[in-house]
Each structure stands twice: as structure tokens, then as C-alpha cells.
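Overview (structure and organization)
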Amino acid sequence: MAGPSPRPPWHLWMVGVFALLFNAIGVFDFMMTLTQGTRYMASAGMTPAQIAHYQAMPPWMTVVWAIGVWGAFLGSVLLLLRRKMALPFFAVSLAAFLLSLVYTYGLTHGGEIMGRPMAIMSAVIAVLLLAFTVYAARMARRGGLR
């Protein structure tokens, strides 16, 4: 029989709570966009061209978006629960987000439509998702996740 698991480092809770709160914003945005549509997007300050871009997204991109936001949110929960499964959830979320960037900036004119503020926000999201993924990998390797 194994003994009690070692006490997690203090920073696991700090990173986990930050990741959970940050990724909850993504889930909120996704759900509000799906349920409230143009009304929500307009209230968030999006222009008619930006709203039209989102509405023209193919269904597969909505699936990619869902995988990204829900994967990151569940990865955050798993990190707080100290589960190794946090790592694949963060990794899949990061991959989904990068695929959405390929769609927005490579396959469409979304980059021009969304403008510089969205490009900056996308860079911040990418860096944070990468950081959460690397952090989960390090915690798993050091035995902080089970």
C-alpha cells in the first residue's frame, strides 16, 4: 500500500487557480457566443465585420474552438486535482488554439478583420496555454501530479 502523496508545492495552487479563472473566461465567451450570438458579440465591442467573420466560421471551426476552451478549462480543473491527465488536456487545447490561428490568419482574412488588439490577445492566449502545458509537464515529471 502506498503512503500519502507528498504535499503539492504552493505554486501549483497559484497556477491552477489562475489557469482556472483565465480559462473560465474562454468558456464564458464560447457559451455566450453560441447562446446570445450577435447580441453578445456586439455588446463585447465587436464590429459588424468581426461578427460576420465569426458567423461565417465553418462548423469544424466551432468544434476546434470548443475543444480549445473546454480542454483548457478541464486541464485547469485536473491540475488543481493534481492529476497527470491535465497535461494532455492542456496540450490538446493548445493544438486546437494553434489550429484556430491557422484558420484565422492563414486560411481567411480574419487577421485583417479582427485587427491588432485581437492579434495581441491571441498571442497572450497562446503563450499562456503553452505555459500551462509546460507547467503541467514539469509537475507530472516531478511527481506533483498523480
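Refer to the structure above for everything that follows.
This write-up is about the structure you can find in this document. (Residues numbered from 1 in each chain as written. Predicted model: local features only at pLDDT ≥ 70, side-chain atom pairs only at ≥ 80, totals over all residues. Heavy atoms only, no water.)

By size, the foremost hydrophobic cluster in this structure holds 20 residues, and its most contacted members are L79, F90 and F132. For this core, the elements supplying multiple residues, two or more each, are α1 (10-36), α4 (59-80), α5 (86-107) and α6 (110-141). For this core, the element with the highest residue contribution is α6, accounting for 8 residues. For F90, the residues in contact, after removing those within four places along its chain, are A19, N23, G71, A72, G75, S76, L79, F132, T133 and A136. V27, F30, M57 and V69 belong to the second largest nonpolar core, which has 10 residues in total. (Core = buried A, V, L, I, M, F, W, Y, C linked by side-chain atoms within 4.5 Å. Buried < 20%, exposed > 50% of the residue type's maximum accessible area, 1.4 Å probe, protein only. Helix = DSSP H or I, 4+ residues; strand = E, 2+ residues; numbered from the N terminus. Contact = heavy atoms within 4.5 Å.)

Any two aromatic rings considered together are summarised by their centre-to-centre distance and by the angle between their planes. Taken as a whole and assessed by the stated rule, the structure comprises 8 aromatic pairs. Summarising the aromatic geometry, the rings of W60 and Y103 are spaced 5.7 Å apart at their centres and angled 85 degrees between planes, so their arrangement reads as edge-to-face. Taken together, the positions of W60 in helix α4 and Y103 in helix α5 put the pair 43 residues apart, joining distant regions of the chain. Note on Y103: relative accessible area 7%, which makes it buried. Where W70 meets F73, the ring centres are 6.1 Å apart and the plane angle is 85 degrees; that geometry is what we call edge-to-face. Placement of both W70 and F73 in helix α4 is noted, with a separation of 3 residues, approximately one turn of the helix. (Phe/Tyr/Trp six-rings, centres within 6.5 Å; stacked < 30°, edge-to-face > 60°.)

Tracing the backbone shows L80 in helix α4. Residues L80 and A52, spaced 28 residues apart in sequence, show a C-alpha to C-alpha distance of 38 Å. The contact partners of L80, leaving out residues within four places of it in the chain, are L12, W13, G16, V17 and L20.

Right, let's get into the packing of α1 against α6. Relative orientation of the contacting elements α1 and α6 amounts to 145 degrees, with a least axis distance of 11 Å. The two elements α1 and α6 meet at a crossing, and its hand is left-handed. Contacts between α1 and α6 pair H11, L12, V15, F18, A19, F22 and N23 from the former with I125, L128, L129, F132, Y135 and M139 from the latter. A per-class count over the contact of α1 with α6 returns 11 nonpolar, 2 polar and no charged. (Axes fitted to C-alpha atoms, helices over the stretch in contact; angles between N-to-C directions. Left-handed = near helix turned anticlockwise from the far one by under 90°. Nonpolar A, V, L, I, M, F, W, Y, C, P; charged D, E, K, R; others polar.)

Before going further, it helps to examine the environment of H109. Examined against the element boundaries, H109 turns out to sit in the loop between α5 and α6. Judged by its relative accessible area of 57%, H109 is exposed. Distance in space between the C-alpha atoms of H109 and H53 is 8.8 Å, their sequence separation being 56 residues.

Of note, T33 is situated in helix α1. Relative accessible area serves as the criterion here: at 12%, T33 is assigned to the buried category. A distance of 2.8 Å separates a polar atom in the side chain of T33 from the backbone oxygen of D29. (Polar contact = N/O pair within 3.5 Å; in protein donor to acceptor, adjacent residues only side chain to side chain.)

On to α4, then. With 22 residues, α4 should cover 32 Å at 1.5 Å per step; its first-to-last C-alpha distance of 32 Å lies within 8% of that length. Phi for R82, located one or two positions after α4, is positive at around 60 degrees. (Expected span 1.5 Å × (residues − 1).)

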